[in-house]
Amino acid sequence: MLNRFSFSLLALGLTLALIGCKKEYLEVVPVVSVTRESIPTDRTVNHLSFVSQSIGYAASSLSDTIFRTTNGGASWDPIIVGAGATGCYGLCFLDPDTGLVVMGQYLYDTRDAGLTWTYVGAASFVRCTNSGLVVY
């Protein structure tokens, strides 16, 4: 009788443990290794935004040029944001085509991987977070 009671308690405990387990998902972030020498600028790169292991964007707070890579940082192509836009103060791409950048005090967005930029308004801050985008 005692063995049967112990077995019943054990079975109940295992059942509750399995029912009470909550599935948790981990976000996997691609790891990219970029050397400073691969970005064709003599300025300090202050902003990086990678949307995959191969596609990423880089910028300096002392330059009007953003750089785009499609091969994981092996080579970079320059992108000019807008006339009179100076110094990147925030850079965030949500996917390979859609991005925001604060140049000087101006916020611009692109929907075509930086080929064209649209002036959005005055801003001083832009950051990507795990839950979305913050612009101030």
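What counts, and at which threshold
- Residues numbered from 1 in each chain as written.
- Predicted model: local features only at pLDDT ≥ 70, side-chain atom pairs only at ≥ 80, totals over all residues.
- Heavy atoms only, no water.
- Phe/Tyr/Trp six-rings, centres within 6.5 Å; stacked < 30°, edge-to-face > 60°.
- Helix = DSSP H or I, 4+ residues; strand = E, 2+ residues; numbered from the N terminus.
- Buried < 20%, exposed > 50% of the residue type's maximum accessible area, 1.4 Å probe, protein only.
- Polar contact = N/O pair within 3.5 Å; in protein donor to acceptor, adjacent residues only side chain to side chain.
- Contact = heavy atoms within 4.5 Å.
- Pairing = 2+ DSSP bridges.
- Axes fitted to C-alpha atoms, helices over the stretch in contact; angles between N-to-C directions.

**Q** How should the packing of aromatic side chains be read in this particular structure?
**A** Working definition: an aromatic ring pair is given by the centre-to-centre distance plus the angle between the planes. Counted by the stated rule, this structure contains 5 aromatic pairs. Residues Y108 and Y119 carry aromatic rings whose centres are separated by 6.0 Å and whose planes lie at 70° to one another, so their mutual orientation is edge-to-face. Of this pair, Y108 sits in strand β7 (residues 106–110) while Y119 sits in strand β8 (residues 118–122), and the two are 11 residues apart along the sequence. The class of Y108 is buried, set by a relative accessible area of 9%. Here the aromatic cluster, defined as three or more aromatic residues joined through ring pairs, consists of Y57, F93 and W117.

**Q** What should I look at first to understand the side chain of S49 in this one?
**A** Tracing the chain through its elements places S49 in strand β1 (residues 47–50). For S49, a relative accessible area of 6% puts it in the buried group. At 3.0 Å, the side chain of S49 and the backbone nitrogen of F93 are in polar contact. Not counting the four nearest positions on each side in its chain, S49 is found in contact with G56, Y57, L91, C92 and F93.

**Q** What is the right way to look at the sheet that holds strand β6 (residues 99–103) in this model?
**A** The strands that make up a sheet are held in pairs by hydrogen bonds between backbone atoms, and each pair lies either parallel or antiparallel. Here 4 strands make up an open sheet; going across it, the order is β5-β6-β7-β8 and the pairing antiparallel. The sheet terminates laterally at β5 (88–93) and β8, the two strands that pair on one side only. Neighbour to neighbour, the strand axes of the sheet diverge by 20° on average, direction disregarded. One ladder, built from 5 bridges, connects β5 with β6; its direction is antiparallel. Note on β6: the bridge partner recorded for C88 is M103.

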